[in-house]
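Commentary on secondary and tertiary structure
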Amino acid sequence: VPPSSSRDAARRNVERTSSMALGDWDEVAVGKYVYWSNVQDDVPLADLGEVLSADGSNRVVRFAKKEVKDKVWMFRLADIQKETFVHAVVDGVSPHSVGLVRELKGGQLLVHIEGNGLTANRTDLLKSQLQPGSRVRWTISSDDIPRGELGEVLLDVNAYSDIKVKFSAGEFRMRYSEMVLASECGNSITVGQYVYWSNVQDGVPLGDLGEVLSADGSNRVVRFAKKEVKDKAWMFRLAEIQKDAFVHATTSGIPPDAVGVVKDLKDGHLLVHIEGNGLTEHRTNLLNSSLQPGLRVRWTKSDEQIPRGHVGEVLADVNAYSDVKVKFPFGEFRLRYSEMTQAPLSAIPEEPLAKLKRIFNDFRGGRLPVEDFVDILKRLGFAETDGLDLSSQLPRGKDGTCSGKDFISYLFPR
């Protein structure tokens, strides 16, 4: 039962935060390409901008029509950055060709490909499976490069899509199509996930999405729109949008702040439930939302049923009004997507969390002074403001201490 019937229908417009972990905010650095969550007429949803300056939690970003200054959590890193290897889905360029992103100008990406400069929209480019820094194997062998030897891809591709790879015997120019990711890179690809295939064929064009049907050792069977294929796991790359993901649609007629959920993949197109309707879209017309199922969040408001500051977990459930279902320790509630913010330390790594648990158990029967608690968080790499914010949400004893039990319950509501 929702906290109030009026909240379900209300259309509030409160600042929302990115799904990045707090420790990842430093990645939104000068020179990075980002999307902005605060959609405006002169900065559409899918517009790419470049970070010009970073001052604490503030970022200044240049978009095609204006510069904006906002909090770091209002921006989301783009999947394609400067010096990324890409394929171009445009007429006149081979789908096998590999290009290198050189610059972002006027909202478009400048790519060096086939020996020429190409100006393309983000939707005209597909991130290559192999990237500078990738560990790869050559599918052939020679006296200098034994079969199976690992090499590292360097930031160098020529007009013929030959990339430079560093092996133990030196640096060599290799055909991109003859290189595959090291086998361990494909182990995370499992049944039900959506993937791209590196082996471009007539029946499976570049950028086609497929669904993994079976996984047997290093082999994967994937269904694409026109055919099923069987290949090694490292020949596939996970798509940026998966089933149950929250997305925004850039299609005309759909408000940019409307939130949908991906339900299925059929004939290469994603089926999305948004605004109470079913929408069939190509992946290029969808963007991942900032908040996703599984993320721990707080409501920016409060009432008698949800006290201020309590943490809940986002569920894979969104209605026609973009209200998402959030699970708190005391029940599930339907809340406005735009009124959710990421909870401090919502993506705290397992190792620091284990250390915190041990520390709480070692001191005062599981209790610590707040000052010590904040200091410990700082030593584990978290900002002092994060520790102070979190500790302010925890119940305190008469002696000013907080308990490990309350801390764990806060981070992992059940």
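Residues numbered from 1 in each chain as written. Predicted model: local features only at pLDDT ≥ 70, side-chain atom pairs only at ≥ 80, totals over all residues. Heavy atoms only, no water.

**Examining the overall build of the protein**
For clarity, the cut-off: Numbered from the N terminus, helices here are DSSP runs of H or I no shorter than four residues, and strands are runs of E no shorter than two. Only protein chains enter the area calculation, which uses a 1.4 Å probe; residues under 20% of their type maximum are buried, those over 50% are exposed, and those in between are partly exposed. Any two residues whose heavy atoms approach within 4.5 Å are treated as being in contact.
Within the protein, the secondary structure is distributed over 5 helices and 32 strands. Counting only residues that meet the buried cut, the protein has 47% of its 414 residues in that class. The long-range fraction of contacts in the protein, counting pairs at least 24 apart against all pairs at least 6 apart in sequence, stands at 52%.

**Let's talk about the sheet that holds strand β4 (residues 67–71)**
To be explicit about the condition: At least two DSSP bridges between two strands are needed for those strands to be called paired. Axis definition: a line fit to C-alpha positions, over the contact stretch in the case of helices; interaxial angles, taken between N-to-C directions, run 0 to 180 degrees.
Within the open sheet, the 5 strands sit side by side as β4-β3-β2-β1-β5. Their pairing is antiparallel. In this open sheet, the two strands that pair with only one neighbour each are β4 and β5 (75–77). On average, each strand axis in the sheet is tilted by 45° relative to the strand beside it, whichever way the strands run.

**Considering the nonpolar core**
We count it as follows: Only buried Ala, Val, Leu, Ile, Met, Phe, Trp, Tyr and Cys residues count toward a nonpolar core, and they belong to the same one when joined by side-chain atoms within 4.5 Å.
Counting residues in hydrophobic clusters, the biggest one holds 28 residues, and the most contacted among them are I163, M179 and F236. Counting residues per element, the ones that place at least two in this core are β11 (135–138), β12 (150–157), β13 (162–167), β15 (179–181) and β16 (194–197). Apart from the residues within four sequence positions on either side, I163 is in contact with F85, L130, V153, D156, V157, F172, R173, M174, Y176 and M179. Of all hydrophobic cores here, the second largest spans 20 residues; its members include L209, V247, V262 and I274.

**Focus on the packing of aromatic side chains**
What counts here: Stacked, edge-to-face and tilted are the three classes for Phe, Tyr and Trp ring pairs, Trp counted by its six-membered ring, which pair at centre distances within 6.5 Å; planes under 30 degrees apart are stacked, over 60 edge-to-face, the rest tilted.
Scanning the entire structure with this criterion turns up 8 aromatic pairs. A ring pair is formed by F328 and F333, whose centres lie 6.0 Å apart and whose planes are at 65°; its orientation type is edge-to-face. An aromatic cluster is built from W36, F63 and F75, whose rings are joined through pairwise contacts.

**Side note on the pairing of strand β6 (residues 85–88)**
Of the two faces of β6, the one carrying F85 and H87 and the one carrying V86 and A88 are both buried. Here β6 runs beside strand β7 (residues 99–105); their pairing, made up of 2 bridges, is antiparallel. For V86, the partnering residue across the bridge sits in β7 and is G99.

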